[in-house]
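Descriptive analysis of the structure
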Amino acid sequence: YRALAERGQIELSSTPHSHPMAPLLIDFQAAREARPAASLPSSPAYPGGADRVRAHIQAAIESHRSHFGRAPVGFWPAEGGLSEPVLRLMAEAGARWVASGEGVLRHSLQAAGVDLSHKAAWAYRPYRLPGIDTCCFFRDDHLSDLIGFEYKSWWASDAVRHFMHGLETIQRETAGGEAVVTVILDGENAWEYYPYNGYYFLSELYKTLSSHPDIRTTTFAEYLELKANGVGTLPRLVAGTWVYGDFSTWMGDAAKNRAWDLLCAAKQAYDQALRAGRLTQAARTEAECLLKSCESSDWFWWFGDYNPAESVQAFDQLYRAKLKQLYGLLKLPSPVALEVPISGGGGAAEAGGVMRRGQG
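Residues numbered from 1 in each chain as written. Predicted model: local features only at pLDDT ≥ 70, side-chain atom pairs only at ≥ 80, totals over all residues. Heavy atoms only, no water.

**Notes on the overall build of the protein chain**
- Looking only at helices and strands, the protein chain has 14 helices and 5 strands in total.
- Over its C-alpha atoms the protein chain spans a radius of gyration of 21 Å, differing by no more than 12% from the 21 Å that the globule rule assigns to 360 residues.
- When the backbone C-alpha atoms are referred to their principal axes, the protein chain occupies close to 65 × 45 × 45 Å.
- Within the protein chain, the proportion of its 360 residues that are buried is 49%.
- Looking at the protein chain alone, contacts between residues at least 24 apart form 76% of all its contacts between residues at least 6 apart.
- For the protein chain, the accessible surface area stands at approximately 16600 Å², while carbon and sulfur atoms represent 51% of it.
- Of the side-chain charges in the protein chain, 35 are positive and 40 negative, and the distance between the mean point of each set is 4 Å. (Helix = DSSP H or I, 4+ residues; strand = E, 2+ residues; numbered from the N terminus. Rg over C-alpha atoms; globule rule 2.2 N^0.38 Å. Buried < 20%, exposed > 50% of the residue type's maximum accessible area, 1.4 Å probe, protein only. Contact = heavy atoms within 4.5 Å. Areas by Shrake-Rupley, 256 points an atom, 1.4 Å probe, with all protein chains shown as cover. Lys, Arg positive; Asp, Glu negative; His and termini not counted. Charge placed at Lys NZ, Arg CZ, Asp CG, Glu CD.)

**Considerations on the packing of helix α7 (residues 141-150) against helix α8 (residues 156-173)**
- Interaxial distance between α7 and α8 falls to 11 Å at its minimum, and their mutual angle equals 175°. Classified by the angle their axes make, α7 and α8 are roughly antiparallel. Taking contact as the criterion, the partners of Leu 143, Leu 146 and Ile 147 in α7 are, on α8, His 162, Phe 163, Gly 166, Leu 167 and Ile 170.
- Residue classes in the contact of α7 with α8 are distributed as 6 nonpolar, 2 polar and no charged. (Axes fitted to C-alpha atoms, helices over the stretch in contact; angles between N-to-C directions. Parallel < 35°, antiparallel > 145°, perpendicular 65-115°, else oblique. Nonpolar A, V, L, I, M, F, W, Y, C, P; charged D, E, K, R; others polar.)

**Quick word on the pattern of salt bridges**
- Within this structure, the stated rule accounts for 21 salt bridges.
- Linked by salt bridges that have partners in common, Arg 52, Glu 288, Lys 292 and Glu 295 make up one network. (Salt bridge = Lys/Arg side-chain N within 4 Å of Asp/Glu carboxyl O.)

**Section: the pairing of strand β2 (residues 97-100)**
- Going residue by residue along β2, you find Trp 97 and Ala 99 tucked away on one face and Val 98 and Ser 100 tucked away on the opposite face as well.
- Alignment of strand β1 (residues 74-75) against β2, held across 2 bridges, turns out to be parallel. Within β2, the residue paired with Gly 74 across the bridge is Trp 97.
- Note that the unit made of β1, helix α5 (residues 84-92) and β2 has a crossover that is right-handed.
- Taken together, the 4 bridges between β2 and strand β4 (residues 135-138) define a ladder with parallel strand orientation. (Pairing = 2+ DSSP bridges. Right-handed = clockwise from strand over helix to strand, strands pointing away.)

**Overview of a nonpolar patch on the surface**
- A cluster of nonpolar residues, Tyr 196, Tyr 199 and Tyr 200, forms a patch on the protein surface that exposes about 430 Å² of accessible area.
- Residue classification places Tyr 196 among the exposed residues on the basis of a relative accessible area of 64%. (Patch = residues over 30% accessible without salt bridge, like charges linked within 9 Å, V, L, I, M, F, W, Y side chains within 5 Å.)

**Some points on the packing of aromatic side chains**
- Taken as a whole, this structure holds 20 aromatic pairs when the rule is applied.
- With 5.3 Å between their ring centres and 80° between their planes, Tyr 199 and Tyr 200 make a pair best called edge-to-face.
- Classification of Tyr 200 by relative accessible area gives partly exposed; the value is 46%.
- The residue whose ring lies beneath Lys 152 is Tyr 193, and the NZ or CZ to ring-centre distance is 5.3 Å. (Phe/Tyr/Trp six-rings, centres within 6.5 Å; stacked < 30°, edge-to-face > 60°. Lys NZ or Arg CZ within 6 Å of the ring centre and 35° of its normal.)

**As for the nonpolar core**
- In terms of nonpolar packing, the biggest core is built from 100 residues, with Leu 24, Phe 137, Phe 201 and Tyr 319 touching the most fellow members.
- Contacts of Leu 24, omitting those with residues within four sequence positions, involve Ala 30, Ala 31, Phe 247, Trp 250, Met 251 and Trp 260. (Core = buried A, V, L, I, M, F, W, Y, C linked by side-chain atoms within 4.5 Å.)

**A short note on the environment of Gly 346**
- Among the secondary structure elements, Gly 346 is positioned in the segment after α14 (309-329).
- Looking at Gly 346, the relative accessible area reads 54%, which means it is exposed.
- When the C-alpha positions of Gly 346 and Gly 8 are compared, they lie 45 Å apart, and in sequence the two are 338 residues distant.
- If we skip the residues at most four places from it in the chain, Gly 346 touches Asp 305, Asn 307, Pro 308 and Ala 309.

**Overview of unusual backbone geometry**
- If you check the backbone angles, Tyr 196 has positive phi at about 55° while not being a glycine.
- Position of Tyr 196 among the secondary structure elements: in the loop between α8 and α9 (199-211).
- Phi at Lys 331 is positive, roughly 60°, even though this residue is not glycine.
- Tracing the backbone through its elements, the reader meets Lys 331 in the segment after α14.
- The class for Lys 331 is exposed, based on a relative accessible area of 60%.

**What to know about α5**
- Buried within α5 are the following residues: Glu 84, Val 86, Leu 87, Leu 89 and Met 90.
- Just downstream of α5 lies Gly 94, where phi reads positive at about 100°.

**Re the packing of helix α4 (residues 49-68) against α5**
- Axis separation between α4 and α5 bottoms out at 10 Å; the angle between their running directions is 45°. By the criterion of interaxial angle, the relationship of α4 to α5 is oblique. In the crossing of α4 with α5, the sense of the turn from one axis to the other is right-handed. Residues Ala 50, Val 53, Arg 54 and Ile 57 of α4 touch α5, and the partners they reach there are Leu 89, Met 90 and Glu 92.
- Grouping the constituent residues of the contact of α4 with α5 by class yields 5 nonpolar, no polar and 2 charged. (Left-handed = near helix turned anticlockwise from the far one by under 90°.)

Quick look at the structure:
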């Protein structure tokens, strides 16, 4: 990957270190920007959330630099989870671009009173918010979900023809004007469902794209270098993710909210232990690493009755075990609440529960 990036064939993005749902770490109320009636955890907020997001961003930058010889130019926040405070923190860290889901853009434009009846008029350009230099690209849900969920059962040549027809339709609908079509996948998950891990589909797609007279593949950073004047202005950003444009996959369900409350209690214990100076430097480093892991968004993804029971129960046990381990490092007894399962699962989610479509 480093060699591919150094010769300009790919651009490598980064994600905050342990995949936290950054907008919720900063403010639980972010869940109500897209869903005003969303149920929230009993805890009013995650303690010190903004500083925790900064820590995840900085750790990601350091990791990226150590592996690839340079800091990342752009970020894909975990699950495309974006809010104005998160965008400001990423701008503060030097990100030139971030990416999120089409639902976030749709909700943001609706809040600004923009007519969304003609998608070609608003969907196919990046945006900036006033006073923030970092540029936001937004996923095209339809084309991205075709690759993520539908084309796995198609012949590769048919799938590629269908995809190219979609791109050419966008070109016609934008009256021949320039359109930036952003295709973002849950990168590691789609290909296991394709014959030969997507080899035939991807080979045919890349060959067809590279020879098309009217389509140019590019990276986000290259686009901003070449087309700095092609960026629109977004009056405000409504917090959300690439899944339905909201946070319902991570907060709002009773089990998810309980998991957040358990994490909040553990973070309060962590903060108290640091203030009391009870930990050696080695123990503090280990506790910090474990806390990052407990802050991952993926725990909350799995809790709920729509995912397979076996997977949910495994993640439930592991999550509670990690929280218990954190209390042990802090030299504190773990709460009795951590002995009680959070969620049982029982659904049969699409693609094994590891992916969600962008639109509900």
